Every structure is written in structure tokens, then in C-alpha cells.
Amino acid sequence: MSPSKKAVVLRVEKTSIHDGAGLRTVVFLKGCPLNCRWCSTPEGQSGAIELGLSTHTCDDCGICIDVCPEGCFTADIDGSCRLDPDKCTLCFACVETCPHSAVQVYGQEMTDRQVIELISRDEIFYFHSGGGVTISGGECLTQAEFVHSVLKECRARGIDTALESSLFAPWRAVSLVLPHLGALYVDIKHSDSHTHRELTGIGNERIWENLIHIDELDQQIHVYIRVPLIPGINDSNANLRDTLGRVSSLKKVQGIELLPYHRLGVATYADLGREYALNNVHPPSPDYLSERRDFLRAQNAAIPVTVAG
């Protein structure tokens, strides 16, 4: 391998069955240029290592207030502990002394060699299940050179590779990792660029341009379109029909997956001291998911449509 490259890794999850074929190790990287209103991993949005304070496990003992040299922790009038992350210098004194592990660390700096070593430990499971490694985020293409190094070495070892991405990245970043990919999962939040900007903070022109460039390449790669289905936000007939219409012209697309909206990341917003934008939105029912899937199938039977999970 070439000299080691570093990245800020959010976490590494093993034996995943929802991020590609077979059993997979999923490497989540930090940093994302999008700010989706429904983001389920707000701790992955910033590219920096962060601290969060879990209000569910903190018992307001005040130890963190005493040990923090920067005054990041304060007590409210009611005695509850609060964290000001802007003051934090990541000395981790609070993490080391909190008796209830209420101070959470989001992210760690790792080298490509460290990550590859973790991935390689489970090669036997990949072989027997048809699995491999999936790189995800955040938006993993914000650290494209690191991703390239990990994927290239995995392919050299015969490990199947996949990437989960919004594809909002410069083409040079996309083209760097493509030669070492077996499958690409692309999230399409909304077909209309103006609405996409309202929902995520950016337009979607670059995403569609990258998809078209990928489709024009000689390389054999399986592309899967994922649509996070958010009730009342992007689940309309018009948006689903428009998304399908744009996708149907891409010959490398193997299918569309509907990702059911969930609220698993809501508590993390509170831990990070942030407001969650969709408090009044509830997960769709199984019947509704089936109806939306069948609606898409009726528009174009040639493209497989499934509900993830």
C-alpha cells in the first residue's frame, strides 16, 4: 500500500444486512454537505470529531463541570447539565470521568490500514454470505482519497465493495472511487432541484449530472436508487413519478428502494443540542409503503421497486 491516509470515521458496524448483498461491514465516515431535515445521523453531518451529552443517562452530578478546563459544561437553573460544544477542545477529561458514560464522542481519526484490518477480520463471513464492505456516511465522498485507498485494497483482497452516497461531490471524487466499486447506492431526496434545496440546503443538479456520467462509462457497476420516503415531504405521486422517469433512462440502474422514514436519530439531536425539524412527521405504515411501491411498479414494470428492510 501507499503511505497511509487518514479520515474521521463515525463508526464501523459489522454483520449488517441492509447495506448491500450478504453480511457486510459498514464504515460510516463523518462529514456531509447536505443538511436533510429528516437526517437520522446528525452526528455524521460535521466532518469534525464532536461531543454530545446524553440527557437520558446524565444524572446531573456536575463532575464534568468540575473537570472541564474550558467551561464547556454548565448547570441550568433546574440543576440539569448543559454542554456548549463550541468551547470544546476535545481534551476528553469529561469522557474519562463521567460515571454514567453520558458524554458521547462522535468520530475518531483512523488510517486506511486500521480500517482495512477491521474489515479483513470478517473475510470468512463475506465469502459464505456473498457480502463484503460498504462505505457510507455522512457523505463518504468528502473523504474520497481515503475511500479510494480502502476500496482498492479490499478489491485486491477479493472483498466485494459497495458505496452509499448522495453523489453530491465533484466528479473527480466520484471517478476516483468508481474503478474499485461493485455496487453504488444513491439517495435521491427529491426530483425537483428547488424543493431539494429547501429540504437539504443544496440543489440536485450535480447529483443527476454524476449519475448520467456514471451511466455513460464502460465500467460494469450496479447502481441502485434509494428514495427516503418522508410522509408529506417527498412521497407524492408527482415526485415519485418524476424520479422514476429520470431514473428509467439510466441503463446501469438495477432497481429502486424505498427507505421508510424513521425517528431513530431524534434523541441524538437532543444530545447535540440541536432542534429536530420534523417533530410532527410519523413513520409510514406498512400498508402505505406497499401502496407507494405498487404505485411505482405500475408506472414502469421494467424497473424493480422494493421497500428496504
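Refer to the structure printed above.
Before going into details, it helps to say that this report is about the structure given with it.

On a plain count of helices and strands, the protein comes out with eleven helices and 13 strands. Taken over the C-alpha trace, the protein has a radius of gyration of 21 Å; the compact-globule value for 309 residues is 19 Å, and the two agree within 12%. Sorting the 309 residues of the protein into buried and exposed places 48% on the buried side. When contacts within the protein are restricted to residue pairs at least 6 apart in sequence, long-range pairs at least 24 apart make up 71% of them. Of the accessible surface of the protein, which amounts to about 14,500 Å², a share of 50% is contributed by carbon and sulfur atoms. Placing the 28 positive and 39 negative side-chain charges of the protein at their respective mean positions leaves the two points 6 Å apart.

For the rest of this paragraph, the subject is the packing of helix α9 (residues 237-247) against helix α11 (residues 286-299). Between α9 and α11, the shortest axis-to-axis distance is 10 Å and the interhelical angle comes to 45 degrees. The angle between α9 and α11 places the two elements in the oblique class. Crossing angle aside, the handedness with which α9 passes α11 is right-handed. Between α9 and α11, the residues in contact are Asn237, Leu240, Arg241 and Leu244 and Arg292, Phe295, Leu296 and Gln299, respectively. Of the residues contributing to the contact of α9 with α11, the split by class is four nonpolar, two polar and two charged.

Okay, the environment of arginine 263 next. One can find arginine 263 in the loop between β12 (253-260) and α10 (266-271). Taking the C-alpha atoms as reference points, arginine 263 and serine 166, separated by 97 residues in sequence, lie 20 Å from one another. Setting aside its immediate chain neighbours within four residues, arginine 263 contacts Tyr276, Leu278, Asn279, Val281 and Pro283. A distance of 2.9 Å separates a polar atom in the side chain of arginine 263 from the backbone oxygen of valine 281.

Going through the model one piece at a time under the given rule, you end up with two aromatic pairs. Look at tyrosine 185 and tyrosine 224: their rings are 4.9 Å apart centre to centre, the planes differ by 15 degrees, and that puts the pair in the stacked class. Highlighted residues: tyrosine 185 in strand β10 (residues 183-187) and tyrosine 224 in strand β11 (residues 222-229), separated in sequence by 39 residues. A cation sits over an aromatic face here: arginine 206 above phenylalanine 168, 5.2 Å from the ring centre.

Inspection of every chain in the model, using the stated rule, returns zero disulfides. Distance from the sulfur of cysteine 36, which forms no disulfide, to the nearest cysteine sulfur (cysteine 39) is 6.3 Å. In this structure cysteine 154 is a free cysteine whose sulfur lies 13 Å from that of cysteine 140, the closest cysteine sulfur available.

A few words now on the sheet that holds strand β9 (residues 160-165). Strand order in this open sheet of nine strands is β7-β1-β2-β8-β9-β10-β11-β12-β13, and the pairing throughout is mixed. In this open sheet, the two edge strands, each paired with only one partner strand, are β7 (108-111) and β13 (305-307). Here the strands of the sheet are splayed against their neighbours by 30 degrees on average, with no regard to which way each runs. Two strands pair when backbone bridges link them, and strand β1 (residues 6-16) and strand β2 (residues 24-29) are joined in this way by five bridges, in the antiparallel orientation. Within the sheet, the bridge partner assigned to valine 12 lies in β2 and is valine 27. Packed onto the sheet, helix α5 (residues 144-156) meets β1, β2, β7, β8 (132-136) and β9 and runs at close to 155 degrees relative to β9. On the sheet, α9 packs against β11 and β12 and is oriented at approximately 170 degrees with respect to β11.

Definitions and limits used
Residues numbered from 1 in each chain as written. Predicted model: local features only at pLDDT ≥ 70, side-chain atom pairs only at ≥ 80, totals over all residues. Heavy atoms only, no water. Helix = DSSP H or I, 4+ residues; strand = E, 2+ residues; numbered from the N terminus. Rg over C-alpha atoms; globule rule 2.2 N^0.38 Å. Buried < 20%, exposed > 50% of the residue type's maximum accessible area, 1.4 Å probe, protein only. Contact = heavy atoms within 4.5 Å. Areas by Shrake-Rupley, 256 points an atom, 1.4 Å probe, with all protein chains shown as cover. Lys, Arg positive; Asp, Glu negative; His and termini not counted. Charge placed at Lys NZ, Arg CZ, Asp CG, Glu CD. Axes fitted to C-alpha atoms, helices over the stretch in contact; angles between N-to-C directions. Parallel < 35°, antiparallel > 145°, perpendicular 65-115°, else oblique. Left-handed = near helix turned anticlockwise from the far one by under 90°. Nonpolar A, V, L, I, M, F, W, Y, C, P; charged D, E, K, R; others polar. Polar contact = N/O pair within 3.5 Å; in protein donor to acceptor, adjacent residues only side chain to side chain. Phe/Tyr/Trp six-rings, centres within 6.5 Å; stacked < 30°, edge-to-face > 60°. Lys NZ or Arg CZ within 6 Å of the ring centre and 35° of its normal. Disulfide = S-S within 2.5 Å. Pairing = 2+ DSSP bridges.

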